[in-house]
Amino acid sequence: MTPDSNDTNAFSLSMLQQVIDYIEKNLFEELTPAMIAAHFYISVSTLSSLFKIVCGMTIMEYIRNRRLTLAAEELSISNIPIIELAYKYGYETPEAFTKAFSRFHGFSPSFIRRDFPVSKLFLPLQITVTIQGGWNTMELTKSNCAGQDQSLLFDYNTFIREKGGKQITHQNLTYQVDTSKMQYKQEWTILCSLAENLLKNHIPFKIDGATMLFAHGLEVPPDKICLTFKWNDAEVVRNFFHYDMEPEHTEDRFKYMDVMYKEMKVRCMFYGNCPGDDSDEFLYKNTDLVQINTLLIPVQSLEFYYENAEKNSAHYKMVKEWLRKHERL
């Protein structure tokens, strides 16, 4: 039988699990869809199509996700040089490995050597099939051996998704901040406390204004915390802060109010789409997810600041250097 045989239609889900197991056993070897298809005597197109339908990603995306997960784990427990690690995980140069690693984890490999916590893991997929009566109720489900929540595995964005908001274009964890290693402990404590309470109360928000620089880990002490909320959530936010006055209107579809939270000023800004639109689309445009300690917090992206700020503004150069350092320019 050859990979182009007419028998490729017999390729089953159980065989697809065998493909995944084969990939796992050969992650440190050269792997391509063509090589895998040849091993299982199936056409590349049939294998690739079924893999994408069931697993929600291409074969090479799966291989890359698994390799970069294992690479981070190995970095954290060994002193292997970056150049050796790059070759081991299939990258031709250390530069190519560092770029791929940074895009996946949100920071460069060197951060691991500084005890930076790794929170983004992509675990091996296990395929199960459940049939529950009816005419056509076959349900294909994907889970992994550790039972990790699939929404976290692929999105890192469950809070926004559950609130019905616009999905972030790049649903990856952008950056991680360990506040124990940062300055301005009091400001970090207040910011994390406020964000945690908003999340617990299911109030959609993002960190905005100058505070976004601080929330990305740039050492710029905030004189206040700037938050953006949905236009129609003004009443909810007022109740949260026990604020009795109406927000001030400065222009059409924008209003704000200044409140106090644990001895720190908080500016609450409300932007609206068209009248009557209660979606989160506007709120989460140009947004990153930043992990601050154990919290995943929506923060206005630094790219948005870089593209819209004046070049002679106070923090423009700092943001530019940060984006270059993290290979986002």
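Reading the values: the criteria
- Residues numbered from 1 in each chain as written.
- Predicted model: local features only at pLDDT ≥ 70, side-chain atom pairs only at ≥ 80, totals over all residues.
- Heavy atoms only, no water.
- pLDDT = per-residue confidence, 0-100.
- Helix = DSSP H or I, 4+ residues; strand = E, 2+ residues; numbered from the N terminus.
- Contact = heavy atoms within 4.5 Å.
- Salt bridge = Lys/Arg side-chain N within 4 Å of Asp/Glu carboxyl O.
- Buried < 20%, exposed > 50% of the residue type's maximum accessible area, 1.4 Å probe, protein only.
- Polar contact = N/O pair within 3.5 Å; in protein donor to acceptor, adjacent residues only side chain to side chain.
- Expected span 1.5 Å × (residues − 1).
- Arc of directions from axis to C-beta.
- Core = buried A, V, L, I, M, F, W, Y, C linked by side-chain atoms within 4.5 Å.
- Phe/Tyr/Trp six-rings, centres within 6.5 Å; stacked < 30°, edge-to-face > 60°.
- Axes fitted to C-alpha atoms, helices over the stretch in contact; angles between N-to-C directions.
- Parallel < 35°, antiparallel > 145°, perpendicular 65-115°, else oblique.
- Nonpolar A, V, L, I, M, F, W, Y, C, P; charged D, E, K, R; others polar.

## Considerations on the confidence of the model for the protein chain
Chain-level statistics for the protein chain give a pLDDT mean of 77 and a share of 76% at 70 or above. By mean pLDDT, the top-scoring element of the protein chain is helix α11 (residues 234-241) (94), and the lowest-scoring one is helix α7 (residues 150-154) (28). Confidence drops under pLDDT 50 across residues 135-173; counting only partners more than four residues distant or on other chains, this segment forms 97 contacts.

## Topic: the pattern of salt bridges
Tallied over the full model, the rule gives 7 salt bridges. In this structure, Glu 74 and Lys 88 form a salt bridge, with 2.9 Å as the shortest nitrogen-oxygen distance. Here the residue Glu 74 occupies a position in helix α4 (residues 59-77), and Lys 88 occupies one in helix α5 (residues 82-88), the gap between them amounting to 14 residues. According to the relative accessible area criterion, Glu 74 is buried, its value standing at 16%. By relative accessible area, Lys 88 is classed as partly exposed at 32%. Residues joined in a network through salt bridges with shared partners are Glu 235, Arg 238 and Glu 246.

## Some remarks on the environment of Tyr 305
Considering the arrangement of structural elements, one finds Tyr 305 in helix α12 (residues 302-308). Placed 92 residues apart in sequence, Tyr 305 and Leu 213 show a C-alpha to C-alpha distance of 9.0 Å. For Tyr 305, the residues in contact, after removing those within four places along its chain, are Met 212, Leu 213, Ser 313, His 315, Tyr 316 and Val 319. In this structure the side chain of Tyr 305 is engaged in a polar contact, spanning 3.3 Å, whose partner is the side chain of Ser 313.

## Considerations on helix α1 (residues 13-25)
Between the first and last C-alpha of α1 there are 19 Å, a value that for 13 residues agrees with the 18 Å anticipated at 1.5 Å per step. Among all positions of α1, only Leu 16, Gln 17, Val 19, Ile 20 and Ile 23 are buried. An end-on view of α1 places all buried positions within 150° of arc, on one side of the element.

## Regarding the environment of Leu 31
Relative to the helices and strands, Leu 31 is located in the loop between α1 and α2 (33-39). In the structure, Leu 31 is positioned 28 residues away from Ile 59 in sequence and 9.5 Å away in space, judged by C-alpha atoms. Residues contacting Leu 31, with those up to four places away along its chain left out, are Tyr 22, Ile 23, Asn 26, Ile 36, Met 60, Ile 63 and Arg 67.

## Things to note about the nonpolar core
Across soluble globular proteins, you tend to see nonpolar side chains buried next to one another. Core analysis: the largest hydrophobic core is formed by 45 residues, its most contacted members being Phe 229 and Phe 241. For this core, the element with the most residues is helix α9 (residues 185-200), which contributes 8 residues. Those residues in contact with Phe 229, other than ones at most four positions away along the chain, are Leu 198, Ile 203, Pro 204, Phe 205, Val 237, Phe 241, Cys 268, Met 269, Phe 270, Tyr 271 and Leu 283. Within the second largest apolar cluster, 38 residues are counted, among which are Val 19, Phe 51, Leu 70 and Phe 122.

## Here's the deal with the packing of aromatic side chains
Under the criterion given, the structure shown has 13 aromatic pairs. Seen in terms of ring centroids, Tyr 22 and Phe 40 are 5.7 Å apart; in terms of plane orientation they differ by 85°. Their pairing is edge-to-face. Of this pair, Tyr 22 sits in helix α1 while Phe 40 sits in the loop between α2 and α3 (44-55), and the two are 18 residues apart along the sequence. Judged by relative accessible area, Phe 40 falls into the buried class, the value being 14%.

## Structural notes on the packing of α4 against helix α6 (residues 94-105)
For the pair α4 and α6, the least separation of the axes is 10 Å and the interaxial angle reads 95°. Considered as vectors, α4 and α6 are oriented roughly perpendicular to each other. Between α4 and α6, the residues in contact are Asn 65, Leu 68, Thr 69, Ala 71, Ala 72 and Leu 75 and Phe 97, Ala 100, Phe 101, Phe 104 and His 105, respectively. When grouped by side-chain class, the residues that make up the contact of α4 with α6 number 8 nonpolar, 3 polar and no charged.

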